[in-house]
Amino acid sequence: MINNIKTAEEMMRARYRAFESGDIDFLVESQDEDTRDTLDVEETKKWAEESKWLGLEIISTEAGQETDDEGIVEFKATYEEDGKVVVHHEKSRFVKKNGIWYYNHWLPLQGTIVKEERVGRNDPCVCGSGKKYKKCCGK
């Protein structure tokens, strides 16, 4: 399936579907090898399986077309966790290697308020790494 994806946005949508279905193997396979060591597979699996995924909204894309080698997709993924609806807002960088798109890493949202309430130490990190906040950006 990874070979059939033509744009960065298509890869973003495929990764969202993988979170919905709990397809952790796809999330690992579609992560750029250069940044794959930053993916906490167990935390990502837990996040994917313990959340009810409610929708994906693509905000914008920069490059990432069939003829590009990299692109950025800004999106909001809405999910329910522990009875609370959460909106995960992120800009993701994608790279194309040997004709295949991969998720590379997240980018800061400059000037954007990501979450109004305080992030708890055991909440998923707002950066989308799949790690707990205390083990990632909350260090």
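Note that this is a predicted model, so its numbers are computed, not measured.

Novice: I'm lost on the pattern of salt bridges in this one. Help?
Specialist: Close approach of charged atoms allows side chains with opposite charge to pair. In the structure shown here, the tally under the stated rule is five salt bridges. The salt bridge partner of Glu 9 is Arg 13, with a shortest N-O separation of 2.9 Å. Of this pair, Glu 9 and Arg 13 both sit in helix H1 (residues 8-21), four residues apart, which is roughly one turn of the helix. On the basis of relative accessibility, which here comes to 26%, the residue Glu 9 falls in the partly exposed class. Of the charged contacts, one joins Asp 34 and Lys 97 as a salt bridge, the two residues approaching to 2.8 Å between their closest N and O atoms. Of the two residues, Asp 34 is situated in the loop between helix H2 (24-29) and helix H3 (41-50) and Lys 97 in strand E3 (residues 84-97); the sequence distance between them amounts to 63 residues.

Novice: Got a minute to help me understand the nonpolar core in this structure?
Specialist: Met 11, Met 12, Phe 26, Trp 53 and Phe 94 are the most contacted members of the largest nonpolar core, which totals 27 residues. For this core, the elements supplying multiple residues, two or more each, are H1, H2, H3, strand E1 (52-63), strand E2 (70-81), E3 and strand E4 (100-107). Among the elements that make up this core, the one with the highest residue count is H1 (seven residues). What Phe 26 contacts, discounting residues up to four positions off in sequence, is Ile 2, Ile 5, Met 11, Ala 14, Arg 15 and Ala 18.

Novice: Got a minute to help me understand a negative patch on the surface in this structure?
Specialist: A cluster of like negative charges, contributed by Glu 42, Glu 49, Glu 50 and Asp 82, occupies part of the molecular surface. Inspection of the secondary structure puts Glu 50 in helix H3.

Novice: What is the right way to read the sheet that holds E2 from this model?
Specialist: Adjacent strands of a sheet pair through backbone hydrogen bonds, lying either parallel or antiparallel. Taken in spatial order, the four strands of this open sheet run E1-E2-E3-E4, and their pairing is antiparallel. Pairing within the sheet leaves two strands with one partner each, and these edge strands are E1 and E4. Here the average twist between neighbouring strands, direction ignored, is 30 degrees. Direction of pairing for E3 relative to E4: antiparallel, over a ladder of seven bridges. When the bridges of E4 are listed, Val 95 appears paired with Tyr 102. Against the sheet, H1 touches E1, E2, E3 and E4, its axis set at about 165 degrees to E1.

What counts and what doesn't
Residues numbered from 1 in each chain as written. Predicted model: local features only at pLDDT ≥ 70, side-chain atom pairs only at ≥ 80, totals over all residues. Heavy atoms only, no water. Salt bridge = Lys/Arg side-chain N within 4 Å of Asp/Glu carboxyl O. Helix = DSSP H or I, 4+ residues; strand = E, 2+ residues; numbered from the N terminus. Buried < 20%, exposed > 50% of the residue type's maximum accessible area, 1.4 Å probe, protein only. Core = buried A, V, L, I, M, F, W, Y, C linked by side-chain atoms within 4.5 Å. Contact = heavy atoms within 4.5 Å. Patch = residues over 30% accessible without salt bridge, like charges linked within 9 Å, V, L, I, M, F, W, Y side chains within 5 Å. Areas by Shrake-Rupley, 256 points an atom, 1.4 Å probe, with all protein chains shown as cover. Lys, Arg positive; Asp, Glu negative; His and termini not counted. Charge placed at Lys NZ, Arg CZ, Asp CG, Glu CD. Pairing = 2+ DSSP bridges. Axes fitted to C-alpha atoms, helices over the stretch in contact; angles between N-to-C directions.

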